[in-house]
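So you can see what is in the structure, the chains are spelled out below.
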Amino acid sequence: MKNEYRFIGCTLIYTVIIFSPFYIWKRFPVMIDLLKYFVFPGIFFIFSGALFYSWVDRKIYAQMQNRVGPRFLQPIFDVLKLLAKEDITPIGVETPEFNIIPAMQLILTLLLAFFTPIYMAEGLISFEGDLFFLLFLLAVLAGSIFLLGWSTNNPYGLIGGSRAAIAELSLEIPLTIAFIGPAILAGSLRLSNIVQSGFNLIDIPLNVILGTEGFTSAHLLYIIPLSILFYIAVLSANAVLEKVPFDPAHAETEIVGGWTIELTGKKLLFSHLANLVLEFTLAGIIAAVFLGGPGLRPLESLLIDRFWIGPWDLFYYVINITTFLLKTTVIVFLITTNRTVLSRLRIDQLVQYFWRYYLPMSFLALLMIIYLIGVL
Amino acid sequence: MKNIKPETLVEVATSLNLTIRELRNYPSDCYVNVQAERLIEIIKILKKKYDVSHLSTIVVQDIDEDYKLLYPFSVHLPEEKIGNFILDVKISKCDPKINSIVPEIPGAFLYEQEVFDMMGIHFENHPNLKRILTPDTLPKDLFPLRKNISSKEIRDGLKNARKNKEAEEKLKEYIRSEQFEYISEKSDYAISVGPQHPALEEPIRFIFHVEGETVKNVELRLGFNHRGIEKAFESRTWLQNLYLAERICGICSDSHQLCYVQAVEKCNEISDEIPERALYIRTILAELERIHSHLLWYGVLAHNAGFDTMFQYTWRDREIVMDILERISGNRVNYAMHTIGGVRRDISPEQVLKIIPKLKELRKRVIDHQKMMMNEKSFIIRQEGIAILTKAEALRFCAVGPNARSSGIDVDIRRNDPYAAYNQLSFDIPIRTEGDIFSGLIIRLEETLTAIDLAVEALETLPQGKLNIKVPRKIPQGEGMSRVEAPRGEDIHYVQSNGTNKPERFKVRAPTLANIPSLLHRLIGVQVADIPPVIRVIDPCIGCMDRVTFIDLKKELRLNMSGAHLISRANRAYRLGTKILNL
């Protein structure tokens, strides 16, 4: 019983922290930017979300393998443990790079996370063309991994770093094309516009059912190319996050963790956290592009018109955050399923899969979308 | 393969102008005297005329004025039987030199290195004669298995090995050269796998010279687990050695004990008097061990290929057979079932009733594993067509067990040289011809099913009778060589008795050592990512190969360690370690 009280208490405190910006905003408008960046949906929420998804990932993985899996707070204890570990800089590593890059990775992934729409259609940072800026940041991240692998001066690190670079070169084009599909449909490269356009796997059927203006049942055809692109994006997320089947850069049983081999203590923590935040971010961005991001837009007007009486703001945010969490959980579930049921590919097989299968597939889907736009 | 009739075996010897020393347990073993100068010539004739190419090991005896080398070759007899044609070569102690047979039998590469390391016999024309089990820094004239070397000398030698600065410097230089020279000359860089590496369960060291992602050259170092079990055998009685034999290896402990017991029984000439029930119980134990070893193997193979889900499933289901073993013997690893003249424990009818349904349940699970592994494409493309070992190469490098069978060599000691109750049970032996990792997997999966069927059949037809016969403590003078199909392949033990209650000479050749030369050959040309599965394919069991025991160096005692003792030792070592770190 005691534990349950503690759990409920913690949840309440957490909720109060998360929603505090909305109340403080009304009284002290100046504080809002600070709170937005540091509490919600900024660093605090991003970290807690990242740790939550790491738990979801590990728990699902364990349950699928007939194991018990970690406790709910295990990811937090892991972080605390790594904080307490000794921070070693081995002799022979290239010092400035080796020490700076892990922290840089964390900063980069946090920057990426600021683009993610979490409680409304817009992320914290949003501008025209931000979709490409996101992809650019992903490439920089892969570059940083490559540099880190080189700076270790360790054969395993070198191999891991170069493999990560090769993987990035292979996945980048299919991933970009996968994101372009919905962008063409929305007529914009801005993430918030794509979210609001309503052309995604969840909103299209809803719009068609509710008979929203401009949607006919022929629009359901868009679901075919969009689901192909969604599948490619999820697989690319597996590769970006270095998870099975696309983890030759990390392969523990071959090259002992690859580029992370020399990292210890805080450096390992930064690198580890960067990976967790990246998982959260990628899930959020894929949810925004393919699943309509936070909220169920077609239902909103229906709710306001018919049922809702009361403070709209809060309800709106609660619904957005809940749907965001649900949609991202689905994506994390898919990523985890991939890594449970598949086995690791070799680096040449990875390249082969992306260039030979996923690239033509994504092109075909893109052509299908363009053709459908012309016809409909 | 040409078959030689047992009668002609004698003719073969006479046609080669050889004297037959002994036909013990004929036609299984045939000892033939050979002059050192004629060895190569005779091996050439044997190879050419009679297709004899499998050398099991090289045993050395230290007898008064001479060293005696035994080369046991496998000879194919009719009815799919295999006999031991043992060439017995004498060389004098003052000049222990003999021609190397590596040009003829490349698989003898490691055996000759081992003999050089242990006995100091110089093999001329050997491509790389160096120490392989003991440290490189050991004094040059210290060869541990020679009779004139006391255990104190070995201890001092090992202690001083660390202080031997000259040798240490050489070693350091060698390490430096291996790291840097190769970068400029032969390959891009050198990767060391082991002694500690996640792909390896036990310590062994491979140094891979890599160009891009392709392996160009491999170097090997063994001996990280070496504790001199063969020397330890010579100072214990026949019965005490039972338990030492079992501790040669953790996974195939039963095979080693069985093999030792059989060798002693051969030496004692009581092989035919063992009660029927004991033979059946031996078979059951051997098969249960094969099941758990193969389950472990393909679980770890999946883990190495990044297929962790499969790993978790197989290891979960392995617990069924571990529970059965625990129910029968009281232990999960060291069963202590065999004794000279029979077995020590019975399997009661109630146990049989409980075990059979469990085995049938396990059979269903193994079929499930088979389906899962055969249909997962991302797993298969990592295994298929990788590190192919052709039949000719497998014969050249004297491969054994599932490793040889996956290359198309139809050899299984259970059928070819039957022991225990195998000649009364029916079973088939899976053979593949591809020789890649995937065929090794298929063979092991099918062998697991066969082993389950065999165990069930043996349990159902378990005859009544005595468990063991009485055997005197002193074994009469003589020698015995016994072979067993361990989960990893042919395991061979040799004992020589001098009429006392202790063996004069004991020799083990674990299947892993026989598979290493072919493994080294297979590793050249594979990609770095394929190294772990390729190493895994021979099911390496380094403990077996190197042979471990606990010996207290300070007190000159063999330790009888209880669980509490081990824990206290670990705690002491931990405290010591933290103290050093704090300083």
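The structure reproduced in this document is the subject of the present report. In this text the structure is predicted, and so the values were computed from the model without any measurement. (Residues numbered from 1 in each chain as written. Chains lettered and ligands numbered in written order. Predicted model: local features only at pLDDT ≥ 70, side-chain atom pairs only at ≥ 80, totals over all residues. Heavy atoms only, no water.)

### Quick notes on the overall build of chain A
At step 1: Looking only at helices and strands, one finds 15 helices and zero strands in chain A.
At step 2: Residues classed as buried in chain A amount to 53% of the 376 residues present.
At step 3: Counting contacts in chain A only where the partners sit at least 6 residues apart, residues at least 24 apart contribute 78% of the total.
At step 4: As presented, chain A carries roughly 16,700 Å² of accessible surface, and 71% of it is formed by carbon and sulfur atoms. (Helix = DSSP H or I, 4+ residues; strand = E, 2+ residues; numbered from the N terminus. Buried < 20%, exposed > 50% of the residue type's maximum accessible area, 1.4 Å probe, protein only. Contact = heavy atoms within 4.5 Å. Areas by Shrake-Rupley, 256 points an atom, 1.4 Å probe, with all protein chains shown as cover.)

### Describing the pattern of salt bridges
At step 1: According to the stated counting rule, one finds 39 salt bridges over all chains in the structure shown.
At step 2: For A:D78, the salt bridge goes to A:R58, with nearest N and O atoms at 2.8 Å. Of this pair, A:D78 sits in helix 4 (residues 74–84) while A:R58 sits in helix 3 (residues 43–64), placing them 20 residues apart in sequence.
At step 3: Put simply, B:E287, B:R290, B:R405, B:D412, B:R414, B:E447 and B:E485 are held in one network by salt bridges that share partners. (Salt bridge = Lys/Arg side-chain N within 4 Å of Asp/Glu carboxyl O.)

### Looking at the sheet that holds strand 15 (residues 503–509) of chain B
Residue and element names in this part refer to chain B.
At step 1: Across the sheet, which stays open at both edges, the three strands sit in the order 13-14-15 with antiparallel pairing between neighbours. Either end of the sheet is taken by a strand with one partner, and the two such strands are strand 13 (478–486) and strand 15. Ignoring strand direction, the axes of neighbouring strands in this sheet form an average angle of 10°.
At step 2: Sheet topology note: the strand 13/strand 14 (residues 489–497) ladder contains nine bridges and is antiparallel. In the strand pairing of strand 14, G478 is matched with S497. (Pairing = 2+ DSSP bridges. Axes fitted to C-alpha atoms, helices over the stretch in contact; angles between N-to-C directions.)

### What about the interface of chain B and chain A?
At step 1: Contacts between chain B and chain A engage 31 residues on the former and 26 residues on the latter.
At step 2: Buried surface at the junction of chain B and chain A, both sides included, amounts to about 2,400 Å², of which 51% is carbon and sulfur.
At step 3: For the pair chain B and chain A, the interface holds one salt bridge.
At step 4: Residues A:R346 and B:D530 are paired through a salt bridge, measuring 3.3 Å at the closest nitrogen-oxygen approach.
At step 5: Across the chain B-chain A interface, the total number found is nine residue pairs in polar contact (both at pLDDT 80 or more).
At step 6: When contributions to the side of chain B that touches chain A are tallied by element, the ones reaching two or more residues are strand 8 (189–193), helix 9 (276–304), helix 10 (308–329) and helix 12 (377–383) of chain B.
At step 7: Per-class residue counts for the side of chain B that touches chain A are 15 nonpolar, nine polar and seven charged. (Buried area = accessible area lost by both parts, 1.4 Å probe. Polar contact = N/O pair within 3.5 Å; in protein donor to acceptor, adjacent residues only side chain to side chain. Nonpolar A, V, L, I, M, F, W, Y, C, P; charged D, E, K, R; others polar.)

### Looking at the sheet that holds strand 10 (residues 214–221) of chain B
Residues and elements named next belong to chain B.
At step 1: Strand order in the open sheet formed by three strands is 8-9-10, with antiparallel pairing between adjacent strands. Unpaired on one side and paired on the other, strand 8 and strand 10 mark the two borders of the sheet. Across this sheet, the average inter-strand angle for adjacent strands is 25°, counted without regard to direction.
At step 2: Across seven bridges, the pairing between strand 9 (residues 205–211) and strand 10 is antiparallel. Looking at strand 10, one finds that V210 is bridged to V215.

### What to know about the nonpolar core
At step 1: B:L69, B:Y71 and B:F206 are the most contacted members of the largest nonpolar core, which has 138 residues in total.
At step 2: Broken down by element, the residue count for this core peaks at 14 residues, all from helix 9 of chain B.
At step 3: A:I46, A:V79, A:L171 and A:L282 belong to the second-largest nonpolar core, a separate cluster that totals 87 residues. (Core = buried A, V, L, I, M, F, W, Y, C linked by side-chain atoms within 4.5 Å.)

### Quick word on the packing of aromatic side chains
All names here are of chain A.
At step 1: Going through the model one piece at a time under the given rule, you end up with 31 aromatic pairs over all chains.
At step 2: Considering the side-chain rings of F354 and Y358, the 5.1 Å spacing of their centres and the 85° angle between planes classify their relative orientation as edge-to-face. With F354 and Y358 both in helix 15 (residues 347–375) and four residues apart, the pair spans about one turn of that helix. Accessibility assignment for this pair places F354 and Y358 in one class, buried. (Phe/Tyr/Trp six-rings, centres within 6.5 Å; stacked < 30°, edge-to-face > 60°.)

### Observations regarding helix 17 (residues 511–523) of chain B
All names here are of chain B.
At step 1: With 13 residues, helix 17 should cover 18 Å at 1.5 Å per step; its first-to-last C-alpha distance of 18 Å lies within 8% of that length.
At step 2: Within helix 17, the axis deviates most sharply at P517, by approximately 35°.
At step 3: Burial of helix 17 is extensive: twelve of the 13 residues sit out of reach of the surface.
At step 4: Among all positions in helix 17, only P511, T512, L513, A514, N515, I516, P517, S518, L519, L520, R522 and L523 are buried.
At step 5: G525 sits one or two positions beyond helix 17 and adopts a positive phi of about 100°. (Expected span 1.5 Å × (residues − 1). Bend = angle between axes of the 7 residues up to and from the residue.)

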